[in-house]
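Coordinates in review
Chain residues, written in single-letter form:
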Amino acid sequence: MNERFSIIPQSIPEVLLLHYQRFGDERGFFSETFRENEFAALGLPEFVQENHSRSVRGVLRGLHYQNDPKAIGKLVRCARGSIFDVAVDVRKDSPTFGKWVGVELNDQQPNMLYVPVGFAHGFCTLSEIADIIYKQTGYYSPEHEGSIRFNDPTIAIKWPVDKPMLSAKDAAAPVLAEANNQFIYRG
């Protein structure tokens, strides 16, 4: 039994919400958010890159993925503020193709979302400022990146923001049916 990390199952089995322990007192708190041996025991892949992103209220980033041979999974944590974090299954022939999982990640609850290879990822900021720290299973490769429009009606994500702030690239992203997505479900 893993004492530091536990998995909270989601509606799509490959997407995992990881809960980690937090020890606090009047001085603040302490948490271990990464332990390679325990992540391996939970069946998580190796992570090779870590990124830190800051966004203001109403920013929506995504939905992003990287195609093979540079496909990546992500482990997302909100270190400051609050975000609504989303993973969309983009694996063709998957029984959950086009379905999504969305969870609130914030600095009050010690949780992280694992978004595996074959899933597009996006989030919107709920607080005034949010700092997001995420690990990747591969290195960023701009020539392999792809995106899907955040408001694709066939996916129908229920974003908790009415008029999000988007990058020009995200605003011009194609819908899932037109995306350059190379993932195939392997069962």
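Refer to the structure printed above.
Residues numbered from 1 in each chain as written. Predicted model: local features only at pLDDT ≥ 70, side-chain atom pairs only at ≥ 80, totals over all residues. Heavy atoms only, no water.

1. Quick look at the overall build of the protein chain
Using the following cut-off: Strands are runs of DSSP state E lasting at least two residues, helices are runs of H or I lasting at least four, and both sets are numbered from the N terminus onward. For the radius of gyration, the atom set is restricted to C-alpha positions; the globular benchmark scales as 2.2 Å times the number of residues to the power 0.38. Classification of residues uses two cut-offs on accessible area relative to the type maximum, computed with a 1.4 Å probe and protein chains only: under 20% is buried, over 50% is exposed, and between them is partly exposed. It only takes one pair of heavy atoms within 4.5 Å for two residues to be counted as in contact. Computed with the Shrake-Rupley method and a 1.4 Å probe, the accessible areas treat only the protein chains shown as cover for residues.
When you go through the protein chain residue by residue, the secondary structure sums to two helices and 13 strands. Taken over the C-alpha trace, the protein chain has a radius of gyration of 16 Å; the compact-globule value for 187 residues is 16 Å, and the two agree within 12%. Along the longest, intermediate and shortest principal axes, the C-alpha atoms of the protein chain span 50 × 35 × 30 Å. The buried share of the protein chain, taken over its 187 residues, is 51%. Of the contacts formed within the protein chain by residues at least 6 apart in sequence, a portion of 81% connects residues at least 24 apart. Carbon and sulfur atoms form 51% of the exposed surface of the protein chain, whose accessible area is close to 9,800 Å².

2. Notes on unusual backbone geometry
Here the bond from G62 into L63 is cis, since omega is 10°, no more than 30 degrees from zero. Along the chain, L63 turns up in strand β6 (residues 60-66). Cis geometry marks the peptide bond from D68 to P69, where omega comes out at 5°. Within the secondary structure, P69 is located in the loop between β6 and β7 (74-80). Residue D93 is not a glycine yet carries a positive backbone phi of 75°. Looking at the element boundaries, D93 is found in the loop between β8 (82-89) and β9 (100-106).

Remember that the coordinates give geometry; whether it matters functionally is a separate question.
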